[in-house]
There are 2 protein chains.
Amino acid sequence: MYQKRIDAVRKELAERGLDALYLTNGISFLYLTGYSYIATERPAALVIPIDDEITFMGPLLEVDHIPLRTSLIGRIRTYPDYPGQKHPMTHFAYFLRDLGLSNKVIGIDNLSGASGRWGYRGSPIVKKMPKARFVEARDIVENMRIVKSSEEITLIRESAKWGNLAHTLLQEFTSPGLWDYDIAMRASLEASLIMKKTLGPEYQAWRQGGSPASAGFRGQIGSMSAIPHALSTKVKVKKGDVVISGASADVGGYNSELERTMIVGKPTAKQKRFFRVMLNAQNAALAAFKPGAKCSDVDRKASKVIQKVGWTRLMRHHTGHGIGLEGHEPPWLDIGDNTIMKPGMVFSCEPGIYEPGFAGFRHSDTVVITEDGSERITYYPRDLESLTI
Amino acid sequence: MYQKRIDAVRKELAERGLDALYLTNGISFLYLTGYSYIATERPAALVIPIDDEITFMGPLLEVDHIPLRTSLIGRIRTYPDYPGQKHPMTHFAYFLRDLGLSNKVIGIDNLSGASGRWGYRGSPIVKKMPKARFVEARDIVENMRIVKSSEEITLIRESAKWGNLAHTLLQEFTSPGLWDYDIAMRASLEASLIMKKTLGPEYQAWRQGGSPASAGFRGQIGSMSAIPHALSTKVKVKKGDVVISGASADVGGYNSELERTMIVGKPTAKQKRFFRVMLNAQNAALAAFKPGAKCSDVDRKASKVIQKVGWTRLMRHHTGHGIGLEGHEPPWLDIGDNTIMKPGMVFSCEPGIYEPGFAGFRHSDTVVITEDGSERITYYPRDLESLTI
């Protein structure tokens, strides 16, 4: 799987007349080699020469880690630490010269040469190598990631399965009087343990942070459900609350997205009405996914349902986003994205309506574009009855 | 607390001859206003004019969130979503013109005008506003964050307290035959629930992801303890393992760092020797923290202990880093950082030694520089006997 991707990168390098690709995005390392790392202030780069061994340049603390995760990185060149007596970019320039790239044409995903987290500072690699020509080439790996292979879809499907378990437990555990973290952490723990027991000793999480399987509310409890990106809440679940949940699992670094609007207790007429409009909007979007459709059209179809009932003012975001190794990826189900859908693209589908002070309503499902239409690979029930607690 | 920080920003703007500060780093939003958000592909910026209301420019989905977290943001200007029919940077340029900044001098923390996550693309704000002059001013907020106020130290101290509980439970729960996530998630759940019950209904987590209190191993179990930034492990804890743990808690967005090397079962002579050298190195560093000392000197003192026994080859990283709202912050306890320590600076202190195939040894403590020396505010025991399971 990885070798095929690297071959595709090299083919693209040849077509663009580039001698090497210099990558700073850790997700690209994971995508191309299976090795992932904790991104910090310490710069790290993966260099893929067109006809030479793949080289990792980065902090010494990764030196023993890499061979445990991949055999595709032939050379590991490290600096002691950041900022160091000699700056990492000075080391990187030296390493690149050593690879014979000092006067070559190098594609790069970030002209600074470092992902630049947590207070990192440094002069850009392009200034350290005046004889080399750097060409913005972030799109090489980004474009490859847009259409998922059957292996990737298998991983996303497996993620959806364990997300479904985590969500089932989350719903079972949701009860008035409980704090959202209480419910979320219990469901995530139980689902992760069952996942490990089922998948066996070979399973391990690949991504940084989080748990193998996870479910939670991220604060979207009661009136806070009207805040699409709430972070947390002080208040406990109570009878009559609308809650918005989310669940996923890490399978080979891949994500899926499953979110549900649930009602704690007998739904009121107003809650029912909002729920119905939200579900109609999601249904309209789901019906529009197919090869040849435009991303913007799917967004338009969902929005139209909401606009038709006069609730444009309750909309807060577009219909969805690509998903794979990252939580959000291009393309976007947005009125401004006219990308044509192709088999293998994977999206979240999540139109929402939000009335401040009352509640928010949003389901999110993961949808894969197939040869002749689409398939919803998150299969948790979406109807109000199933989601009434 | 926040108003004082904003006043300090404006004073600095005046001194530099800047008309406004344009911030894209969400941690700066949190530091200056108490409002934090989930950074995605959608650009967001906080604009602090020298003599006008603070303005948030960002996605519509944050519109109802901001007033719930801060009253310091006077104006909220939003675009529908990303990428949109009109790009967010075009909206931002319009908003800035509307604020009367179109031909002014604007300090900025990122010349692109967007934090640029998850596949974001766009032409930089500096190109959208040809008559304005943008000046790199990332250091204004970064410099303010280096020396912590007494309020901040109180929050970090409170974080250390709940990190201590999480770690106590983690050690209690650690036992041969268990998977690291099993131990970690149970300890994090129990500690978070007790934390909420103790701090009461007003407590809520401020940061994105993670749990209120947390403890875990991040894969550093057995021979994987030799990988300083392991992400996860397949294998379960077994008798004879060296394990490296970590614990923290989110208190008002602030972190602390507590890490311990623990031995499962009776330590071998080799394990004892490695543990002793690591502890001596940490003691040497701890003794060196004081106002007026250089960061590089603390690093040198820890390294000297390890080098003296001939184990330079077992070193993988420097001695530590600043800590506060982010996991790592400048300054760095690194041979290349000659920052002079001042009262109120807070650091992790964590020299380590790592023998591939055998094990790693690292404690990390959080240390605050005081008027006449330093104080270790993580108080979990550091001796081998206490850390033998």
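Conventions adopted
Residues numbered from 1 in each chain as written. Chains lettered and ligands numbered in written order. Predicted model: local features only at pLDDT ≥ 70, side-chain atom pairs only at ≥ 80, totals over all residues. Heavy atoms only, no water. Pairing = 2+ DSSP bridges. Helix = DSSP H or I, 4+ residues; strand = E, 2+ residues; numbered from the N terminus. Axes fitted to C-alpha atoms, helices over the stretch in contact; angles between N-to-C directions. Contact = heavy atoms within 4.5 Å. Domains from an automatic or database assignment. Buried area = accessible area lost by both parts, 1.4 Å probe. Salt bridge = Lys/Arg side-chain N within 4 Å of Asp/Glu carboxyl O. Polar contact = N/O pair within 3.5 Å; in protein donor to acceptor, adjacent residues only side chain to side chain. Nonpolar A, V, L, I, M, F, W, Y, C, P; charged D, E, K, R; others polar.

*Asks:* An account of the sheet that holds strand β8 (residues 242-249) of chain A is requested, with residue identities and associated values reported.
*Replies:* All names here are of chain A. Reading across the sheet, the three strands line up as β7-β8-β9 and stay open at both edges, with antiparallel pairing between neighbours. On the outer flanks of this sheet lie β7 (213-216) and β9 (258-263), each paired with one strand and no other. When the angles between neighbouring strand axes are averaged without regard to direction, this sheet yields 15°. Of the strand pairs in this sheet, β7 and β8 are connected by four bridges, and their pairing is antiparallel. For alanine 215, the partnering residue across the bridge sits in β8 and is alanine 247. Packed on one face of the sheet, helix α7 (residues 150-173) meets β7, β8 and β9 and runs near 145° to β8. Contacting β7 and β8, helix α8 (residues 180-199) runs over the sheet at an angle of about 160° to β7.

*Asks:* Tell me about the domain arrangement of chain A, and please be specific about residues and values.
*Replies:* Residue and element names in this part refer to chain A. Each assigned domain of chain A is listed with its residue range as follows: domain 1 (2-145) and domain 2 (147-376). Between domain 1 and domain 2, the residue contacts involve 15 residues of the former and 13 residues of the latter. Summed over both partners, the interface of domain 1 with domain 2 comes to about 1100 Å²; 42% of that surface belongs to carbon and sulfur atoms. Applying the counting rule to domain 1 against domain 2 returns four salt bridges.

*Asks:* Please provide a residue-by-residue account of the interface of chain A and chain B, values included.
*Replies:* Counting residues at the interface gives 74 residues for chain A and 74 residues for chain B. For the pair chain A and chain B, the summed buried area comes to about 6400 Å², and 62% of that belongs to carbon and sulfur atoms. The largest per-residue losses of area from chain A upon contact with chain B belong to A:Trp118, A:Leu231 and A:Lys234, which jointly make up 11% of the total buried on that side. Linking chain A with chain B are six salt bridges. Inspection of the region where chain A meets chain B yields 26 residue pairs in polar contact (both at pLDDT 80 or more). Among the secondary structure elements, those contributing two or more residues to the side of chain A that touches chain B are α3 (66-69), α6 (139-146), α8 and β11 (329-333) of chain A. Take the side of chain A that touches chain B: its biggest share by element is nine residues, from α8(A). In terms of residue class, the side of chain A that touches chain B is made up of 32 nonpolar, 20 polar and 22 charged.

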